[in-house]
Amino acid sequence: RLEDLVGGRLLPVLTPPWNRIAPTVAARRGEAGLPGLSTFAERRAAPLRLDTHLDPIAWKTTRGFRGFERMLALLNEEIAARAGLADPAPIGLLTHHLVHDDGVWAFAEAFVASTAAHPAADWPALDAAFGLAGHAA
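Summary of the structure given here. (Residues numbered from 1 in each chain as written. Predicted model: local features only at pLDDT ≥ 70, side-chain atom pairs only at ≥ 80, totals over all residues. Heavy atoms only, no water.)

1. A few points about the overall build of the protein
The following threshold applies: The numbering of helices and of strands both runs from the N terminus, where a helix is a DSSP run of H or I of at least 4 residues and a strand a run of E of at least 2. Only C-alpha atoms enter the radius of gyration; for comparison, a globular chain is expected to reach 2.2 Å times N to the power 0.38, where N is the number of residues. Accessibility here uses a 1.4 Å probe with only protein chains present; expressed as a share of the type maximum, an area under 20% marks a residue as buried, one over 50% as exposed, and anything in between as partly exposed. Working rule for contacts: check all heavy atoms of both residues, and any pair within 4.5 Å makes them a contact. Note that accessible areas follow from Shrake-Rupley with a 1.4 Å probe, and for residues the cover is restricted to the protein chains shown. In this tally Asp and Glu are treated as negative and Lys and Arg as positive; neither His nor the chain ends contributes. Charge placement uses NZ in Lys and CZ in Arg. For Asp and Glu, CG and CD serve respectively.
Scanning the protein from N- to C-terminus turns up five helices and two strands. Its helices and strands in sequence order give the protein the pattern α-β-α-β-α-α-α, from N to C terminus. Computed over its C-alpha atoms, the radius of gyration of the protein comes to 16 Å, within 12% of the 14 Å expected for a compact globule of 137 residues. Its C-alpha atoms put the protein at 40 × 35 × 30 Å along the principal axes. Burial statistics for the protein: of 137 residues in total, 32% are counted as buried. In the protein, the share of contacts with a sequence separation of at least 24, taken over all contacts with a separation of at least 6, comes to 48%. If you sum the accessible surface of the protein, you get close to 9000 Å²; carbon and sulfur atoms cover 60% of it. With 13 positive and 15 negative side-chain charges, the protein shows a separation of 8 Å between the mean positions of the two kinds.

2. Regarding the layout of surface pockets
Note the following rule: Definitions used for this entry: grid spacing 1 Å over protein atoms alone; cavity, a set of points where a 1.4 Å probe fits but cannot get out; pocket, an open set with protein on both sides within 12 Å along at least 5 of 7 lines; lining residue, one with an atom within 4 Å of a point. Grid points are joined across faces, edges and corners, and a volume is the space filled by probe spheres set on the points. All residues other than Ala, Val, Leu, Ile, Met, Phe, Trp, Tyr, Cys, Pro, Asp, Glu, Lys and Arg, Gly among them, are scored as polar; the first ten of these are nonpolar and the last four charged.
By volume, the largest pocket amounts to about 1300 Å³. Elements that contribute at least two residues to the lining of the largest pocket include exactly α3 (68-82), α4 (102-117) and α5 (126-130). With six residues, the single largest contributor to the lining of the largest pocket is α4. When its residues are assigned to classes, the lining of the largest pocket shows 24 nonpolar, nine polar and three charged.

3. Here we look at a nonpolar patch on the surface
Defined as follows: Patches were defined on residues exceeding 30% relative accessible area and lacking a salt bridge, with like-charge contacts within 9 Å and nonpolar side-chain contacts (Val, Leu, Ile, Met, Phe, Trp, Tyr) within 5 Å. A pair is scored as a salt bridge if a Lys or Arg side-chain nitrogen falls within 4 Å of a carboxyl oxygen belonging to Asp or Glu.
Taken together, the side chains of Trp59, Leu98 and Val99 make up a nonpolar region of the molecular surface, amounting to roughly 320 Å² of accessible area. Tracing the chain through its elements places valine 99 in the loop between α3 and α4.

4. Side note on the packing of α3 against α4
Where we set the bar: Fitted lines through C-alpha atoms serve as axes, helices being fitted only where they are in contact, and the angles separating the N-to-C directions of these axes extend from 0 to 180 degrees. In what follows, roughly perpendicular refers to angles from 65 to 115 degrees, roughly parallel to angles under 35, roughly antiparallel to angles over 145, and oblique to any angle outside these ranges. Helix crossings fall into two classes, left-handed where the near helix is turned counterclockwise from the far one by less than a right angle and right-handed where it is turned clockwise.
Here α3 crosses α4 at 40°, and the two axes come no closer than 11 Å. Taken together, the axis directions place α3 and α4 in an arrangement best described as oblique. Where α3 crosses over α4, the handedness of that crossing is right-handed. The residues of α4 that touch α3, namely those facing Phe68, Met71 and Leu75, are Gly103, Ala106, Phe107, Ala110 and Phe111. A breakdown of the residues in the contact of α3 with α4 according to their chemical character gives seven nonpolar, one polar and no charged.

5. Details of the packing of aromatic side chains
Operational definition: By convention, a stacked pair of Phe, Tyr or Trp rings (six-membered ring in the case of Trp) has centres within 6.5 Å and planes under 30 degrees apart, an edge-to-face pair has planes over 60 apart, and any other such pair is tilted.
Applying the stated criterion across every chain yields a total of four aromatic pairs. When the centroid spacing of 5.9 Å and the interplanar angle of 35° are considered together, the rings of phenylalanine 107 and phenylalanine 111 count as tilted. Residue phenylalanine 107 and its partner phenylalanine 111 are both found in helix α4; the two are separated by four residues, about one turn of the helix. Accessibility assignment for this pair places phenylalanine 107 and phenylalanine 111 in one class, buried.

Written out as structure tokens, the structure reads:
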């Protein structure tokens, strides 16, 4: 049905509600025609999987932007966790566009701009990043 709505732009990836999924359900996603998977806070490189690691919203307290200092600390933790790994997993920024405040938007813009310009950062096409080369995105 989605293919009918968006034509060749559909990328067959499941992002479960709240970005969490039971391993048994994740293992069967291909049966639904969704071989790709994106969740939150996994740090492993895996075929057909691309996860997010940085959530800019403080859900348990203010439900607003965590602040630049906290986000940079989290980003540094993610970079350090991958140091020396032969095949480090990408670092993903989780977005909640419907509830972004000005701080989240400013951080997202700064994150994209600085990583796009950084020689150690790479922004591959989504189909290639998920290992779904040849699918439209």
